[in-house]
Amino acid sequence: MELKRVVITGMGALTPIGNNLDDYWNALIKGVSGAAPITHFDASKFKTRFACEVKGFNVEEHMHRKEARKLDLFSQYAMVTTAEAIEDSGLDLESIDVDRAGVIWGSGIGGLRTFQEECIEFANGDGTPRFNPFFIPKMIADIASGHISIKYGFRGPNFTTVSACASSTNAMIDAFNYIRLGKADIMITGGSEASVTEAGIGGFNALKALSTRNDDPATASRPFDKDREGFVLGEGSGAIILESYEHAMARGAKIYAEVAGGGLSADAYHMTAPHPEGLGALNVMKTALEDAELKPEDIDYVNVHGTSTPLGDIAETKAIKAVFGEHAYNLNISSSKSMTGHLLGAAGAIEAIACIMAVKNDIVPPTINHQTEDPDIDNELNFTFHEAQKRTVNCALSNTFGFGGHNTSVIVKKFNA
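Let us look at the structure shown here.

## So, the side chain of Thr161
Note that Thr161 resides in strand β5 (residues 158–161). Filtering out sequence-adjacent residues up to four positions away, Thr161 remains in contact with Ile104, Trp105, Gly106, Ser107, Ser167, Asn170, Ala171 and Asp174.

What follows is the structure in structure tokens.
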């Protein structure tokens, strides 16, 4: 069976550095940090008192208050970015075959805020179980994809991938496969997360996973820097419209780029730590290249997982060198998380968008906040420190890895009719 080509025709973004696609991309290129003191709750007693929050978000600018009250924040984010992506795509929803349009979404945690609020309210009550009837429907991780499907009437494949921080890249690869196998014409994919809560910060603090650089939040996310000491928790959403080449061309769609291939692997090593030699990361990048029928030297840019953790950055760098060999030194490498923080299950979506825009515009976003070289990292590699770099980007690869040893890589390339 001949596989169908899959193209990207629309995108939406709601991030700690921009509340729409254009603002997000412009902030990436300028090297803007989204880290600041937490405003969602009183964090004064926590070890980490800052995060990369979405700023200036008013859900009532996007939907009626009554509708919003039925949605956890992560679902609100999903609905807002999907609406932007559909508008951006120019899809005429009245003329498409809704039985061949679907939604595959990613979220690592889902409605954490709802879960926390309901349990605290119960614990502080008289022991009588008076839970909100929307508690479960707001909290479950799959509900964002359900709401998207219901709003737009899409009756094709519909589910949510949960693979921790790899969730939305997992979703994108699944959506890509449904289209290229001829099972769908249009897929909405991406991911959303809203875990900047007491439970989110407290839980990751207990794991000693977060930076505690409270005196200088803006520089706390510093991938590949000798003094990195943990990631910065972020929140937000990214939505991507995938279409078959034939469907997009038939309607005269604007096309950003083409999805070339994707890879999945497991570390099979540790609950939270990466394999020290980056074997899972190595395997997933090789698998993605094979799936895309590309050679290592075809890749121009790698948007790394790059969380700013002591072990993770070293392991991923080793994997890149193992996969790309001498070509590794011709790559541009950068970590969007130096600016956005770590959006957990939504990270892959907004980082795939960064790759798509890099391919479209021939600009590589920077890695910010690097101050001191780490002797355990090959600093001859081009990590695109401090400033964006113009170069031809024909192909870009995005890595996202998750607790449990889940690894995903997706490759996008310039579209040629």
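## Description of the pattern of salt bridges
Within this structure, the stated rule accounts for 17 salt bridges. A salt bridge links Glu258 to Arg5; its shortest N-O distance comes to 2.9 Å. Of this pair, Glu258 sits in strand β8 (residues 257–266) while Arg5 sits in the segment before β1 (6–14), and the two are 253 residues apart along the sequence. Linking Arg228 and Asp374 is a salt bridge whose minimum nitrogen-to-oxygen distance equals 2.8 Å. Of this pair, Arg228 sits in the loop between α8 (198–206) and β7 (236–244) while Asp374 sits in the loop between β11 (363–364) and β12 (389–390); the two residues are 146 residues apart in sequence, bridging distant segments of the chain. Accessibility classification places Arg228 together with Asp374 in one group, the buried group. If you follow the salt bridges from partner to partner, you end up with Arg228, Asp313 and Asp374 in one network.

## Topic: the packing of aromatic side chains
Applying the stated rule across the entire model yields twelve aromatic pairs. Pairwise contacts between aromatic rings join Phe115, Phe122, Phe131 and Phe135 into one cluster. Here Arg5 stacks its cationic end above the ring of Tyr245, 4.5 Å away from the centre of that ring.

## Structural notes on the layout of surface pockets
In this model, the largest pocket occupies a volume close to 600 Å³. Residue contributions to the lining of the largest pocket peak at six residues, all from helix α11 (residues 310–324). Within the lining of the largest pocket, the residues separate by chemical class into 15 nonpolar, 16 polar and five charged. Of the pockets and cavities examined, the second largest pocket occupies roughly 300 Å³. Looking at the second largest pocket, it is lined by 17 residues, and the ones nearest its centre are Asp72, Leu73, Gln76, Arg113 and Glu117. Among the secondary structure elements, those contributing two or more residues to the lining of the second largest pocket are α3 (73–89) and α4 (112–123). Examining the composition of the lining of the second largest pocket, we find that four residues originate from one element, α4, more than from any other. Looking at the lining of the second largest pocket residue by residue, the classes come out as five nonpolar, six polar and six charged.

Here is what the cut-offs are and how they apply
Residues numbered from 1 in each chain as written. Predicted model: local features only at pLDDT ≥ 70, side-chain atom pairs only at ≥ 80, totals over all residues. Heavy atoms only, no water. Helix = DSSP H or I, 4+ residues; strand = E, 2+ residues; numbered from the N terminus. Contact = heavy atoms within 4.5 Å. Salt bridge = Lys/Arg side-chain N within 4 Å of Asp/Glu carboxyl O. Buried < 20%, exposed > 50% of the residue type's maximum accessible area, 1.4 Å probe, protein only. Phe/Tyr/Trp six-rings, centres within 6.5 Å; stacked < 30°, edge-to-face > 60°. Lys NZ or Arg CZ within 6 Å of the ring centre and 35° of its normal. 1 Å grid on protein atoms, 1.4 Å probe; cavity = no way out; pocket = protein on both sides within 12 Å on 5 of 7 lines; lining within 4 Å. Points joined across faces, edges and corners; volume = space filled by probe spheres on them. Nonpolar A, V, L, I, M, F, W, Y, C, P; charged D, E, K, R; others polar.

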